[in-house]
Structures are given as C-alpha cells and as structure tokens.
Amino acid sequence: MTRSVPERDAACAIAQAAAVVGDWWSLLLIREAARGHHRFDALQEELGISRKVLTERLAHLVETEVLEKVPYQDRPVRYEYRLTERGRGLLPVLLSMQDWADRWVFGDGSLSGTAGEAGAEAKRVAGLVGERLPRLELPGHRDGEPVDPVAGSAATVLFCYPATGAPGPLPEGWSGIPGTVGCTLENRLFRDAYEDFRAAGAEVYGVSTQRPDEQRTFAVGEGLPFLLLSDVDLRLAAALRLPTFRAGQLLRLKRAVLVLDRDRVVRHARFPVTDIPAAVAEALTEVRRLTAAD
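Residues numbered from 1 in each chain as written. Predicted model: local features only at pLDDT ≥ 70, side-chain atom pairs only at ≥ 80, totals over all residues. Heavy atoms only, no water.

(A) Structural context of the overall build of the chain. Check the secondary structure of the chain and you find 12 helices and 11 strands. Taking the principal axes of the C-alpha coordinates as reference, the chain spans close to 60 × 50 × 40 Å. Among the 294 residues that make up the chain, the fraction classed as buried is 49%. For the chain, the share of sequence-separated contacts (at least 6 apart) that also reach a separation of at least 24 residues comes to 64%. For the chain, the distance from the average site of its 37 positive side-chain charges to the average site of its 41 negative ones is 3 Å. (Helix = DSSP H or I, 4+ residues; strand = E, 2+ residues; numbered from the N terminus. Buried < 20%, exposed > 50% of the residue type's maximum accessible area, 1.4 Å probe, protein only. Contact = heavy atoms within 4.5 Å. Lys, Arg positive; Asp, Glu negative; His and termini not counted. Charge placed at Lys NZ, Arg CZ, Asp CG, Glu CD.)

(B) Seen up close, the packing of aromatic side chains. This structure, assessed with the given rule, holds 7 aromatic pairs. Note on Phe159 and Phe190: the rings are 4.3 Å apart at their centroids and 10° apart in plane angle, and the pair reads as stacked. Taken together, the residues span a long stretch of sequence, with Phe159 in strand β5 (residues 155-160) and Phe190 in helix α8 (residues 183-192) at a distance of 31 residues. By relative accessible area, Phe159 is classed as buried at 0%. For the ring pair Trp174 and Phe245, a centre distance of 5.9 Å and an interplane angle of 40° mean the geometry is tilted. In this pair, Trp174 sits in the loop between β5 and α8 while Phe245 sits in strand β8 (residues 244-247), placing the two residues 71 residues apart along the sequence. (Phe/Tyr/Trp six-rings, centres within 6.5 Å; stacked < 30°, edge-to-face > 60°.)

(C) Structural view of the environment of Ala151. Positionally, Ala151 belongs in the loop between β4 (146-147) and β5. A sequence separation of 53 residues divides Ala151 from Val204, and the C-alpha atoms of the two residues are 8.6 Å apart. Setting aside its immediate chain neighbours within four residues, Ala151 contacts Thr156, Glu203 and Tyr205.

(D) Quick peek at unusual backbone geometry. Omega for the bond connecting Arg75 with Pro76 falls within 30 degrees of zero, at -10°, which places this linkage in the cis form. Note on placement: Pro76 falls in the loop between β1 (67-73) and β2 (78-83). Positive phi values are uncommon outside glycine, yet Arg241 reaches one of about 50°. At Arg264, a position not held by glycine, the phi torsion is positive, near 80°. Secondary-structure assignment places Arg264 in the loop between β10 (256-261) and β11 (266-270).

(E) The packing of helix α2 (residues 24-34) against helix α3 (residues 40-47), seen in detail. Their axes nearest at 11 Å, the elements α2 and α3 cross at an angle of 115°. Both α2 and α3 take part in a crossing whose hand is right-handed. Where α2 abuts α3, its residues Trp25, Leu28, Leu29, Arg31 and Glu32 lie against Leu43, Glu46 and Leu47. (Axes fitted to C-alpha atoms, helices over the stretch in contact; angles between N-to-C directions. Left-handed = near helix turned anticlockwise from the far one by under 90°.)

(F) Seen up close, the packing of α8 against helix α12 (residues 276-292). For the pair α8 and α12, the least separation of the axes is 10 Å and the interaxial angle reads 35°. The crossing of α8 and α12 is right-handed. Listed contacts from α12 to Leu185, Glu186, Leu189 and Phe190 of α8 are Ile276, Pro277 and Val280. A per-class count over the contact of α8 with α12 returns 6 nonpolar, no polar and 1 charged. (Nonpolar A, V, L, I, M, F, W, Y, C, P; charged D, E, K, R; others polar.)

(G) Geometry of the nonpolar core. Counting residues in each nonpolar core, the largest one holds 53 residues, and the members touching the most others are Ile30, Leu58, Leu83, Leu133, Val207, Leu242 and Leu258. Take this core: its biggest share by element is 6 residues, from α2. If sequence neighbours within four positions are ignored, Ile30 has contacts with Val21, Leu61, Val66, Leu83, Leu90 and Leu94. In terms of nonpolar packing, the next biggest core, distinct from the first, is built from 27 residues, Ala193, Phe197, Val280 and Leu284 among them. (Core = buried A, V, L, I, M, F, W, Y, C linked by side-chain atoms within 4.5 Å.)

(H) Structural context of the side chain of Asp102. Relative to the assigned elements, Asp102 resides in helix α6 (residues 91-104). A relative accessible area of 7% means that Asp102 is categorised as buried. If sequence neighbours within four positions are ignored, Asp102 has contacts with Gly107, Glu121 and Arg124.

This is the structure:
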C-alpha cells in the first residue's frame with residue numbers, strides 16, 4: 001500500500017523517496033524489471049508473491065511512474081511492466097544497497113575489489129550461467145553512442161574491471177584495496193589475444209563504470225582494438241547483479257569475465273578473478289568450445 005508522507009517530512013526527499021520505493025516488494029520488483037522480468041506471471045514466479053500483493057505493488061509503481069505498462073498482446077490485452085527513465089534512476093540505489101549488504105552483511109566490513117570463492121558474490125555470479133542478459137545499451141568509448149553489449153557474433157566476451165589509471169588519478173589508497181591492481185594488464189592481455197578471439201568467432205568488450213571519455217583516453221593510449229563500454233549508470237550491473245565496491249565516491253565493478261552466446265545466454269562466468277592471464281586463457285577456451293558446438 002502507498003505510504004503517505006507526514007507533514008513534518010513533506011520537504012524531506014528521503015521520506016518522499018521512501019514513500020515510493022520504501023517497501024520490500026517494490027524494491028524487488030524494480031530489481032526484477034532490471035533483470036529483464038517484465039510480465040506478471042514471470043514476476044510472480046521469480047518473487048513468490050501473491051497475485052493480490054503483486055497487483056497492488058505494480059499499480060503503485062505505475063502510478064508513481066517508476067514502471068510503465070506496455071502492451072505485448074492484443075486479444076486479450078496483456079501488458080509488460082518496464083522501467084521508465086525515473087525507474088532506471090533508481091538502479092544506483094539498488095546497487096548501493098547490494099554493495100552495502102555484500103560488505104556489511106555477507107562480509108566483514110572490509111573494503112575489497114574482489115571476494116572469496118565461496119561467498120555470496122561468487123555464488124551470484126556462478127548462478128548467471130544459463131541466465132539471459134536483457135536487452136540494454138551502454139555508451140561506447142569511441143563516440144559515446146549506445147551499444148548493445150552482446151554482439152551479433154557466435155560468442156561475446158564481457159570482462160568487467162574496476163578502473164584504469166589513465167587519465168587518472170585513481171582514488172587515494174587505490175592500490176591498497178584488494179583486487180584493484182591489474183586493470184591495465186587485463187586490457188593488454190585481451191588486446192594481445194583479440195585476434196584469437198575473433199578467429200574463434202567472438203567479440204570482446206571491456207566494461208567499467210568510468211565515463212566514456214575517460215575510457216577513450218585509455219583505449220587510444222593502449223591501442224585497444226575492441227570497444228570499452230561504460231556502465232556509468234549501472235544498467236549492466238543491475239541486470240546481472242554484478243559485484244561492486246565503492247571507491248572515490250563511485251561504485252566500481254569488481255573484476256569478472258563472462259562469455260555469452262548469440263542468444264544472450266551466459267555460458268561461462270568467472271568470479272573472482274585472481275589470476276588474470278589464466279582468466280583470459282580460460283575465456284578463449286570457453287569461446288572455442290561454444291563456437292565449435294554452434
């Protein structure tokens with residue numbers, strides 16, 4: 001049910017935001033919409049929610065313009081529920097909540113750009129295998145134009161990394177955060193193996209939350225043949241619930257490597273990435289296995 005804001009908090013933006021999304025089911029519905037679940041039955045199945053409560057929460061989110069109803073069938077008329085621009089503006093809120101819980105609920109409170117192999121973050125990434133990436137676009141480094149992160153190739157490799165030092169500077173204490181060092185090395189290794197990936201039928205994209213202009217400086221300087229994509233708005237991170245950490249007041253992607261097929265299905269997921277050369281070689285092996293069976 002919609003919560004009304006008391007008069008004493010009428011000018012409080014936190015209270016007003018809580019009135020829109022400060023509800024367990026509302027937040028999870030936004031999460032599921034970001035993951036690509038848009039239809040009533042799919043949402044009910046994913047959340048295990050009653051039809052009555054789901055109907056109420058969807059109506060509230062449509063009324064507050066977080067979701068919009070989009071018809072997908074005429075007879076009878078049926079609707080999908082998709083995030084509006086206002087709704088997509090809440091994705092950083094969800095990722096901040098995820099990041100907080102990974103650090104303080106699942107973790108011991110320490111700041112890290114990686115995670116243990118048996119932790120909740122590793123289980124989430126491992127669980128991506130078999131999942132389909134919803135359609136979305138991210139700005140590319142060359143001109144900032146939106147790009148679908150899954151190419152039309154038989155396979156696509158997405159490697160997520162925290163940030164590169166160019167154009168810099170990186171946040172103070174960056175090198176002391178576990179898992180941050182190695183972004184330039186990773187890009188160089190994918191650069192050097194790029195023709196092997198292409199010969200195997202795959203496209204490669206690097207993804208970070210840096211701005212496209214920052215990525216462009218680095219890509220030009222390193223002569224990268226592949227495109228870097230900016231997840232500055234955290235759309236990819238939200239769609240896949242990718243692990244993040246906060247440094248320099250920004251959420252950064254933890255290092256992960258994904259291989260997807262032409263149907264957008266994740267076929268391989270590596271997290272944490274503790275041995276970067278081995279992760280690159282493993283991705284190439286997975287691509288060759290995938291395209292050989294295509």
